[in-house]
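Chain by chain, the residues:
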Amino acid sequence: MTIRKFATLGASIILGTLLQVNVSCAATVTISCSATGHDLAMCTQGAQAWAKQTGNEVKVVSMPSSGQLALYQQLLSAGSSDIDILQIDVVWPGILAQDLLDLTPYAGKNTVGDFPVYVKNDTIGGHLVAMPWFADAGVMYYRKDLLDKYGVKVPDTWEELTADAKKIQDAERAAGHTKMWGFVWQGRNYEGLTCDALEWVQSFNGGAIVDASGKVTINNPGAISALTMAHGWVGTISPEGVLNYSEEEARGVFQSGDAVFMRNWPYAWSLANSDDSPIKGKVGIAVLPKGGQAGRHAAVLGGWQLAVSKYSKHPDVAASLVMYLTSPAEQKRRAIEGGYASTLVDLYKDKGVRDAIGPFADSLYDNLVNAVARPSAVTRTRYNQVSTEFSGAAYAVLSGSTDAATSVKDLDSKLNGLRHGGKW
Ligand code: GLC
């Protein structure tokens, strides 16, 4: 073979390999993204940037804010390849692990900079079944301008919040703002209520429903005080309709200027301060109040992960999108443009992020490191049942169909009934 022929052959082999690589890599993958606030828009932008960079195609499907877990379980149990990448809640890895790809080989060192709590949470039986994508912790939003107007300090306890909310609500109504409410939050019977109610219970030192050893702890005086207090808000400082509020309904009322305080997640910050927001620049953020002087500030740990279905026809491509979306650059973009809390510790010190969201970054960080986890790790595959029972019990108290003492007593026996031989 002449040198020339050899070179030509070599080139065609290289070209062939490249083409092959290209052909086998270019694929269409589908990602499911949540539709809360600007979740869908932010997810779509990131996914499309990856598609442009890699030559693959991506389809984005939006997920309903409730019923998402059931939908995933249905798809996965049928072995469906319809969704390659799933946006999953921090409380789901244990429930879905068996149908998710182990991302360890794709992640390499990518999880080194993440808050360890998320990496631990997403590692089930030694497999990294999801990559941390964005962090969440419950926060208290308040109207700075209204607190100033009425000479009210940011409340430190729920008792103070209740009194302040009532005072400002009544004064604003008397001044003609008849739609004003004191406090909006998530009272619908769903996972969001589990988060809110757990924060109240924790703030009264009432534990986390089930403790780390697996013992059901909910039947206690702190939990009773917490739920009784929240029941007192409905129809007084919170509209009756709060019993049907998820995050977005609460944000709708607060952002329209019709509430003094709101419990929500970090995503609401940049929306409340967007150009078309009536309350732009008038919002403050604080830790959630304590349950009395002996109580504690408690925020529930939330957050979303990206996982790849075991039934994906393009696992490598799907994993590449997951690594792109969870990368420092993309998390930074989401923090700056969307106010999302990153799962990467260093981004809280990043100049670009700090210039964009300033002191908000500090509040987020403090809230996150102190956040309380729901008992998903210990109750594993039964977490969803535990949560459904808990939110149902809280809802029954809020709506007045039972009192708190009876409700937590019943809940205690129901939860114990979910254990098998004392084990979860
Ligand atoms: C937020 C949290 C998530 C929680 C949900 C409840 O999205 O990140 O963990 O389960 O709210 O509605």
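This one's a predicted model, so the numbers in the text were calculated from it and none came from an experiment.

Caption draft 1: Up close: the environment of Asp316. Checked against the element boundaries, Asp316 lands in helix α13 (residues 315–325). On a C-alpha basis, the gap between Asp316 and Phe183 in space is 47 Å, while along the polypeptide they are 133 residues apart. A polar contact of 2.6 Å, which involves the side chain of Asp316, links it to the side chain of Tyr106.

Caption draft 2: Region of interest: the sheet that holds strand β8 (residues 181–184). As summarised here, the arrangement of the 4 strands in space is β8-β9-β7-β10, forming an open sheet in which the pairing is mixed. The two strands at the open ends of the sheet, each matched to only one other strand, are β8 and β10 (283–286). In this sheet, adjacent strand axes meet at a mean angle of 15° when their direction is disregarded. Two strands pair when backbone bridges link them, and β8 and strand β9 (residues 259–264) are joined in this way by 3 bridges, in the parallel orientation. Across the sheet, Trp181 pairs through a bridge with Ala259, a residue of β9.

Caption draft 3: Structural view of the packing of aromatic side chains. One pass over the structure, following the stated rule, counts 16 aromatic pairs. With centroids separated by 6.0 Å and ring planes inclined at 85°, the aromatic side chains of Tyr72 and Trp92 adopt a geometry described as edge-to-face. Of this pair, Tyr72 sits in helix α3 (residues 68–77) while Trp92 is found in the loop between β3 (85–89) and α4 (93–96), placing the two residues 20 residues apart along the sequence. Each member of the pair Tyr72 and Trp92 is classed as buried. Among the aromatic residues, those joined into a cluster by ring pairs are Trp158, Phe183, Trp185, Trp200 and Trp233.

Caption draft 4: Looking closely at the state of the cysteines. Counted according to the given criterion, the structure contains 1 disulfide. Paired by a disulfide, Cys33 and Cys43 hold their sulfur atoms 1.9 Å apart. Here Cys43 lies in helix α2 (residues 39–54) and Cys33 lies in strand β1 (residues 28–34), a separation of 10 residues in the sequence. In terms of burial, Cys33 and Cys43 fall into one category: buried.

Conventions and cut-offs
- Numbers given for residues are sequential positions, taken from 1 along each chain in its written order.
- In view of the model being predicted, local features appear only for residues whose pLDDT reaches at least 70, and side-chain atom pairs are presented and counted only at 80 or more, with totals across whole chains, interfaces and linings using the full set of residues.
- Note that the side-chain values use all heavy atoms of the structure and ignore hydrogens as well as water.
- Labels follow the DSSP assignment, with helices taken as runs of H or I lasting at least four residues and strands as runs of E lasting at least two, numbered in each case from the N terminus.
- Whenever two N or O atoms come within 3.5 Å, that pair is a polar contact, provided that in protein one can donate a hydrogen and the other can accept it, and provided that, for residues adjacent in sequence, both atoms are side-chain atoms.
- For two strands to count as paired, DSSP must find a minimum of two bridges between them.
- All axes here are fitted lines through C-alpha atoms, helices being fitted over the stretch that makes contact, and every angle between N-to-C directions spans 0 to 180 degrees.
- Only the six-membered ring of Trp is used, alongside the rings of Phe and Tyr, when aromatic pairs are assigned; centres must lie within 6.5 Å, and planes under 30 degrees apart are stacked while those over 60 apart are edge-to-face, with the rest tilted.
- Using a 1.4 Å probe on the protein chains alone, a residue whose accessible area is under 20% of its type maximum counts as buried, one over 50% counts as exposed, and one in between counts as partly exposed.
- Cysteine sulfur atoms are paired as a disulfide whenever they come within 2.5 Å of each other.

This is a description of form; function is not addressed.
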